[in-house]
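These are the residues of each chain, in order.
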Amino acid sequence: MSCISWMPRLAALLLAAALGCAAFAQGSANTATPEPTVADLRGRLDRIPPSVNTVEEVRNQMAQLNAIGAQADKFVGSRTGPLADLNARLGELGSAPPAGAPPEDPDITRQRAVLLKDRNALDADVRLARLITVDVQQRGSELLAKRRKIFEAQLTERASSPLGRQFWFDIVDAMPEDVDRLAGLRDELVAGMQSALEPANRTSVFLSLAAALLLALLGNWAAEYGLVRMAARVLPAGRLRRSLLVIAVVAVNVLLIALAAQGVFATLDRHGIWGPQIRKLAQAVVQSIIFIAFVVGLGRALLSNRRPSWRLPPIPDGMARRLAPFPWLTALIAVLVWVPSQVNAIVDASFAAVVATHVVTALALTALIGTMLLRLHEPAGGAPAEPATKDAAKDTTAVPAEPERPMWISFLLSAVALTVVAIWVLVGLGYVALASFLANQLTWTGIVASAFYLLFKFADDLFMATVSSKSNFGQKLQKSFGFAPRTLDQAAVVLSGLARVALFFYMLIALATPLGTGPGEVFQRSGQFGTGVKVGEFTLVPGAIFSAVAVLGVGFVALRVFKKWLEARYLPQTALEPGMQSSITTLLGYVGGIMVIAIALSALGIGIERIAWVASALSVGIGFGLQAIVQNFISGLILLAERPVKVGDWVVLGTAEGDVRRINVRATEIQLADRSTLIVPNSEFITKTVRNMTLANAEGRVLIRLPMPLSTDAKRARELMLAACADHEGVLDAPAPSVSLEGIEHGMLILQAIAYVQSPRLAGGVRSDLLFVILDLFKGAGLPLASPMVVVSQTEAAALAPPAPPPSPLPV
């Protein structure tokens, strides 16, 4: 098992990202190669050896199997369409006539025979290609099982303990052979240096080294300075600028270092300076340089000692300064323990050298991790010093204490410390391979967690800065589509959560990288997960989930645009009443929402038959616990269809009276006279008596009853009341206002005036205005109103009489 197995994989991943354009160009060039036949694929599959002995052989065979499987899938995909066309054409021709039936046209018989022959040949090729795919999958599963066994055997293999004499005796015994093996590597290195210093190669080599140093040093400084200036000008102030700038600096740093290292390597390789062993070692050095650039850039970005305002994790300044050397130390120690393992693999070193390399790897990495844990536990200002003077003792400008760590971080640090102790115990017992693997895995886990923490923060900042209601784009969405601020904030949180889930999925894949897998296999594994994970009878496909979410988002936005167009442009141009317009918009919103959800479920892979099965299962629950909800929903649909009550109506339901403001799925909102809102279940409007004041006639009636003395000139009073009604602008001319003598009650004339207004909502205000005017007119005409008669008993009279004055004192 090779030490630091994650370093070449990370370097390969970063280099693949840096040279992506070349890969695309190469891929486009490879597309011109002829497509292999089924026989070629079967021959390549049969030539793969059936047995493997090392992890490297497993990787090579897995790469060959993946290539064969991909070509077989491509072959099947390219033949599926033509096979369907042939079947369709044969279906159009129909079956051959049975025996004894009249013969058909010879051309049709000949055409059917040709099509049938082509169909059978094509179908046979497709079946054989699918069989190759199945064989590839089976061989791949067997290889993975063998690799796990080899890996487990290497981990559980016990060697001599470094605490015993045999460990050192083995190293001394194997040293002469290892020195002889290294001599060949040394000779190649000396020959390569001499070839590089020859006059024909000296200029280009030195120029490439100088260009690489300029690109790595001056190029990084210029790139970081330019990115900071560009971010300040282009990006708005906020968290997105900070996180995006940090990612850009890390990416550009790795890209420039990778280009510089690859440029030097390509120059030396072009002049034939490398020998076969030195060339492998040089490739390892290039990967280590890329790894150093990534780890150092990531550590600088997370700590941000020069720019504390850029720091993403909540780390105090004192702790960040104490951790500043550790990105460099992590990269350098990882390279120093990795290079010997590469040399061992190149020169085929002895088993004692391999064991010693495992020991050095485990002890060096755990020493680094232990030192980091100790620095994390140090106080902010070191050991407290005695104040020199009283003024110094009273100084309140000291470094503030660091905030208390959360409980989960304390548990995590304790688990890391226990793992370090366990690694030391394993080294002492002789399980050096397992100890080296755990040390590698612990270091790699920290690097992956740091990198994905940066990506998690970027995902949060991206959606909060673009979709939330406080962002510029979110405010444009509010103005354009009428989204509520809370809806946009919820959408930003949901999108951020989905991005976190996707990143977490790939973080798990990255954490599995050190377990003997390469970048190609990692991406293949992620592709296998992308094709679907079967849970019971349902296949959960990540791509289908994102497609369903996209359908929901686009569908509801399109529905909102359509409803807004109906409300603002189309329906106002029709002869429909405002209440009817609102009902149509609401009903279409319900129908559109159901269609969007159905399409999203279809994109998720849930067919109509499964939806029907779920509906039948829910019918049992509806029969027991959801009766009221379903009843109110159906009642809402009836209200929207029959429209006995519509938006804008003035209704009286029991003791409640007000205007209908909105008809929802479950309930209707009624605004009362005191501006409060009454929520009424829709079933109340269907099952109970409701008085709709504006259903048939939207006009309101004003009723005024006035008591007058019997001696009042009734005709004069009637004229004055009619004049007041006629002069008021809110009173309708048709129906005309009327004043009648209703009768005589308790010795008083009762005059009743009736007038009509445009809406019942105006009746109260108009009645008040008419009373004020009529009272003024009666006062000017000398027509008094009658006072109500009050009958008082003797007891009440005695109670209401004023108290008698006290008696005067008698004279003395």
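Worth saying up front: this structure is predicted, and the values here are computed from it rather than measured.

The rules behind each value
Residues numbered from 1 in each chain as written. Predicted model: local features only at pLDDT ≥ 70, side-chain atom pairs only at ≥ 80, totals over all residues. Heavy atoms only, no water. Pairing = 2+ DSSP bridges. Helix = DSSP H or I, 4+ residues; strand = E, 2+ residues; numbered from the N terminus. Contact = heavy atoms within 4.5 Å. Salt bridge = Lys/Arg side-chain N within 4 Å of Asp/Glu carboxyl O. Buried < 20%, exposed > 50% of the residue type's maximum accessible area, 1.4 Å probe, protein only. Expected span 1.5 Å × (residues − 1). Arc of directions from axis to C-beta. Axes fitted to C-alpha atoms, helices over the stretch in contact; angles between N-to-C directions. Patch = residues over 30% accessible without salt bridge, like charges linked within 9 Å, V, L, I, M, F, W, Y side chains within 5 Å. Areas by Shrake-Rupley, 256 points an atom, 1.4 Å probe, with all protein chains shown as cover. pLDDT = per-residue confidence, 0-100.

Further remarks concern the sheet that holds strand β3 (residues 650-653). As summarised here, the arrangement of the five strands in space is β6-β5-β4-β3-β7, forming an open sheet in which the pairing is antiparallel. Looking at the sheet topology across the chains shown, the edges are occupied by β6 (677-681) and β7 (691-692). Two elements, strand β5 (residues 667-672) and β6, share five bridges in a ladder whose sense is antiparallel. Along β6, the bridge assignment pairs Ala667 with Pro681.

This next bit is on the environment of Leu143. Following the sequence through the fold, Leu143 ends up in helix α5 (residues 106-156). Along the chain, Leu143 and Pro50 lie 93 residues apart, while their C-alpha atoms are 9.4 Å from each other. Those residues within four positions of Leu143 in sequence are excluded, and the remaining contacts are Val52, Val58, Gln61, Met62 and Leu65.

With that settled, consider the pattern of salt bridges. In the structure shown here, the tally under the stated rule is 15 salt bridges. In this structure, Asp659 and Arg661 form a salt bridge, with 3.8 Å as the shortest nitrogen-oxygen distance. Relative accessible area serves as the criterion here: at 11%, Asp659 is assigned to the buried category. Residue Arg661 is classed as partly exposed on the basis of its relative accessible area of 43%. One network of salt bridges, in which partners are shared, links Glu177, Asp178 and Arg181.

Once that is clear, we can look at helix α23 (residues 627-642). Taking 1.5 Å of rise per residue, the 16 residues of α23 would be expected to cover 22 Å, and the 22 Å separating its terminal C-alpha atoms lies within 8% of that figure. Looking only at α23, the buried set comprises Asn632, Ser635, Gly636, Leu639 and Leu640. All buried residues of α23 lie within an arc of 135 degrees about the axis, which places them on one face of the element. The exposed set on the far side of α23, more than 90 degrees from its buried face, consists of Ala641 and Glu642. Downstream of α23 by one or two residues, Arg643 has phi in the positive range, about 60 degrees.

Moving on to the sheet that holds strand β8 (residues 700-709). Pairing is antiparallel across the open sheet formed by three strands, whose spatial order is β8-β10-β9. A single partner strand is all that each edge strand has here, and the edge strands are β8 and β9 (738-745). Strand after strand, the sheet turns through a mean of 25 degrees between neighbouring axes, direction not considered. Pairing of β8 with strand β10 (residues 748-757) involves 10 bridges; the strand directions are antiparallel.

For the rest of this paragraph, the subject is a nonpolar patch on the surface. A grouping of Leu213, Leu214, Leu217, Leu218, Trp221 and Tyr225 is seen on the molecular surface, where their side chains present a nonpolar patch of about 730 Å² in accessible area. Those elements that place two or more of their residues in the nonpolar patch are α7 (199-216) and α8 (218-234). Per element, the largest residue contribution to the nonpolar patch is three residues, and it comes from α8. With respect to the element layout, Leu213 can be found in helix α7. Under the relative-accessibility criterion, Leu213 is labelled exposed at 55%.

For the chain, the average pLDDT comes to 77, and 81% of its residues sit at 70 or higher. Note on residues 515-521: pLDDT is under 50 here. Beyond four places in sequence and across chains, it has 17 contacts. Note on residues 790-799: pLDDT is under 50 here. Beyond four places in sequence and across chains, it has two contacts.

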